[in-house]
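Coordinates in review
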Amino acid sequence: AQRRSQQGARIQYEKIGSDVTMQCGTLGSEASVTWKVNGTDVENRREDDGPRLALKQVDLSVNGLYSCFQNPTGELKDQIILRVGNPPKEPIVTCRSNTYPKGFYCSWHLPHPTYIPTEFEVSVRHGLQDLQVQKDPIHKNRCHVKLPEIFSNNKYRVNVTATNALGNASGFLAFDEISIVKPDPPEKVVANPIPGNPRKLEVTWNSPSTWPDVETFPLKYFLRYRPLILDTWQHMELSDSTSYTITDAYAGKEYIIQVAAKDTEIGTWSDWSVAIHATPWIEEPKQIIITTTTEADENETTPSQASPSAKPQVGDTLGS
Amino acid sequence: NVTDASSATAIQRTYELTKYLEHQLSTLTVSYLTYLGPPFNDPDFTPPRPNNSASLPSAATRLDLWKGLDNRLRLSENHRAYSILLGALKGLAAGTLCPSLQRSLQHFCTGLHGLLVSIAGVMTSLGYPPPLPSGEDIPNYFTPKPGSFDFSRKMGGFWVLKELQTWLWRSAKDFNRLKKKLPIPRRRTHMFIACPGI
């Protein structure tokens, strides 16, 4: 397969593992030429190949700019960019709605690299209706689709066709609206100790900013927390609330806390939020002031000034 | 005022009943599709819709239209849908040859009838005229022919449960929306201030 590059040289695409022949322009079979690849002479060519260059079971190492010069003048007659690769295999498509009910996005990838430029064509159907597809300006191999309606039983079908110079292949995904709804994780998770409560932590968070209408399409949340010293999580499911007070924390132990979100009726749980750390409130150690008296001081002190007992009173704080 | 409080409570109860039925139905659907056998119990299988499935109410709607429904229309659409679906489910149960599954379906019909009564109660508490009594103009989706269990009848059963599932999902959002419009008023304390001359 051939195309033309910006510099005017022909691009010749060939399949990895195949035998390749390159023809030097339109020279006749009796012509004698010299071939160079990326400026270096091509070794051990057979003289009777005339104006052609034959390469056996090519691999990626043969990629390059091939130039042929007619003997004996050495005139440049042709230039070919050889690009070796594979035809695309069936694209793997995944779709998700993290902005329900506004719309969903689909991503795709090829199970094996093609090594050569490959284009993708996407079409989306809902029941019998073709939907408009918007390419994602940032993410490669991603497109966005608006939901034409909600609470629908009609399946969506997303078709992705991959095409390059060596062939094409199509993959598709069919799904119900209900199955692809997966919010982004909750945001701004904060945990604060509660003064005077050594076993409590107050956790607050925001609904994911990508979720467009949390009033009409409420989320429920899943909170998990554990002390750093333990491996088992404790879990708490909360509906419609973005705060929770942990009341059974181990006093003085640092905790790790995460939150996940889900539509109250459909879809799947989001990934866990960023983990945050917090330690419950710890009572400040009381200060005991200890006064030490030497012999000299005793001689100076008149009997009436000496304190009745030098023992630290309970509740005094130690000098820091 | 008192109506707001009773309406809000009625809406909350209807919301909870919807959630309960939604949960019950998902279990019941697995049993029923297993009973229908392959390919119906394959999660990726979606049969074509039978000819008469157009008589089943579709929950699908445009987002802007759904958001724009006023309370009365929202409730009556729900009521009408469940009236039709209850009729269809009764026909489905009648034609089910497995006794235990038949009992489960009939038990679910009782729950669904409770939902209809609950919705009617909400409408009355909001001062709307009571909805059409169920069973009157409801098309007969299933002509119960015990013993005949052809593919089209199986397709019909599949789509009744599917539409019912979708309506329960929609209703949860409907009643959630109504809940937010009619929050359960906080208990108000009345302060009596003696005003001279009044």
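Scroll up to find the structure.
My aim in this report is to walk through the structure given alongside it, one point at a time. (Residues numbered from 1 in each chain as written. Chains lettered and ligands numbered in written order. Predicted model: local features only at pLDDT ≥ 70, side-chain atom pairs only at ≥ 80, totals over all residues. Heavy atoms only, no water.)

Turning to the overall build of chain B, a few remarks are in order. Along its length, chain B carries five helices and zero strands. For chain B, the residues scored as buried account for 45% of the 198 residues in total. When contacts within chain B are restricted to residue pairs at least 6 apart in sequence, those whose partners lie at least 24 apart make up 85%. Only carbon and sulfur atoms are counted for the fraction: they give 59% of the accessible area of chain B, which is about 10300 Å². (Helix = DSSP H or I, 4+ residues; strand = E, 2+ residues; numbered from the N terminus. Buried < 20%, exposed > 50% of the residue type's maximum accessible area, 1.4 Å probe, protein only. Contact = heavy atoms within 4.5 Å. Areas by Shrake-Rupley, 256 points an atom, 1.4 Å probe, with all protein chains shown as cover.)

Right, let's get into the interface of chain B and chain A. On the chain A side, the residues contacting the 23 residues of chain B number 24 residues. Of the roughly 2000 Å² buried between chain B and chain A on both sides combined, carbon and sulfur atoms contribute 53%. Among the residues of chain B in contact with chain A, Trp169, Lys173 and Lys180 of chain B are the three that bury the most area, contributing 34% of the side total. Linking chain B with chain A are five salt bridges. Summed over the shared surface of chain B and chain A, the number is 15 residue pairs in polar contact (both at pLDDT 80 or more). Counting only elements with at least two residues in the side of chain B that touches chain A, the list comes to α1 (2-36), α2 (63-68) and α5 (151-181) of chain B. (Buried area = accessible area lost by both parts, 1.4 Å probe. Salt bridge = Lys/Arg side-chain N within 4 Å of Asp/Glu carboxyl O. Polar contact = N/O pair within 3.5 Å; in protein donor to acceptor, adjacent residues only side chain to side chain.)

Let us look at helix α4 (residues 99-125) of chain B. End to end, α4 of chain B covers 39 Å across 27 residues, agreeing with the expected 39 Å (1.5 Å per residue, within 8%). A positive phi of about 85 degrees marks Gly127 of chain B, the residue just after α4 of chain B. (Expected span 1.5 Å × (residues − 1).)

Another aspect to go through is the pairing of strand β10 (residues 103-109) of chain A. Note on strand geometry: in a regular strand, side chains alternate between the two faces of the sheet. Residue and element names in this part refer to chain A. Most of β10 is tucked away, with six of its seven residues classed as buried. Strand direction decides the pairing type here: strand β9 (residues 92-99) and β10, joined by six bridges, are antiparallel. What sits directly across from Thr99, in β10, is Gly103. Between the antiparallel neighbours β9 and β10 lie three residues. (Pairing = 2+ DSSP bridges.)

What follows is about the packing of aromatic side chains. This structure, assessed with the given rule, holds 19 aromatic pairs over all chains. Taking the centre distance of 5.5 Å and the plane angle of 75 degrees together, the rings of Phe104 of chain A and Tyr156 of chain A count as edge-to-face. In this pair, Phe104 of chain A sits in strand β10 while Tyr156 of chain A sits in strand β15 (residues 156-164), placing the two residues 52 residues apart along the sequence. No difference in accessibility class separates Phe104 of chain A from Tyr156 of chain A, as the two residues are buried. Here the aromatic rings of Phe104 of chain A and Phe175 of chain A are separated by 5.4 Å at their centres, their planes lie at 85 degrees, and the arrangement is edge-to-face. Here Phe175 of chain A lies in strand β16 (residues 167-175) and Phe104 of chain A lies in strand β10, a separation of 71 residues in the sequence. As far as the burial class goes, Phe104 of chain A and Phe175 of chain A line up, both buried. An aromatic cluster is built from Tyr100, Phe151, Trp211 and Phe217 of chain A together with Trp66 and Trp169 of chain B, whose rings are joined through pairwise contacts. (Phe/Tyr/Trp six-rings, centres within 6.5 Å; stacked < 30°, edge-to-face > 60°.)

Okay, the environment of Arg142 of chain A next. Residues and elements named next belong to chain A. By secondary structure assignment, the location of Arg142 is in strand β14 (residues 142-146). Through-space distance from the C-alpha of Arg142 to that of Leu82 is 30 Å; in sequence the pair is 60 residues apart. Excluding its chain neighbours within four sequence positions, the residues that come into contact with Arg142 are Tyr105, Cys106, Ser107, Trp108, Gln134, Lys135 and Asp136.

It is worth spelling out the nonpolar core at this point. Phe104, Val158, Leu223 and Ile257 of chain A together with Tyr82 and Leu89 of chain B are the most contacted members of the largest nonpolar core, which has 91 residues in total. Ranked by residue count, the leading element in this core is α5 of chain B, at twelve residues. One finds Val20, Leu53, Val58 and Cys68 of chain A within the second-largest nonpolar core, a separate group that totals 17 residues. (Core = buried A, V, L, I, M, F, W, Y, C linked by side-chain atoms within 4.5 Å.)

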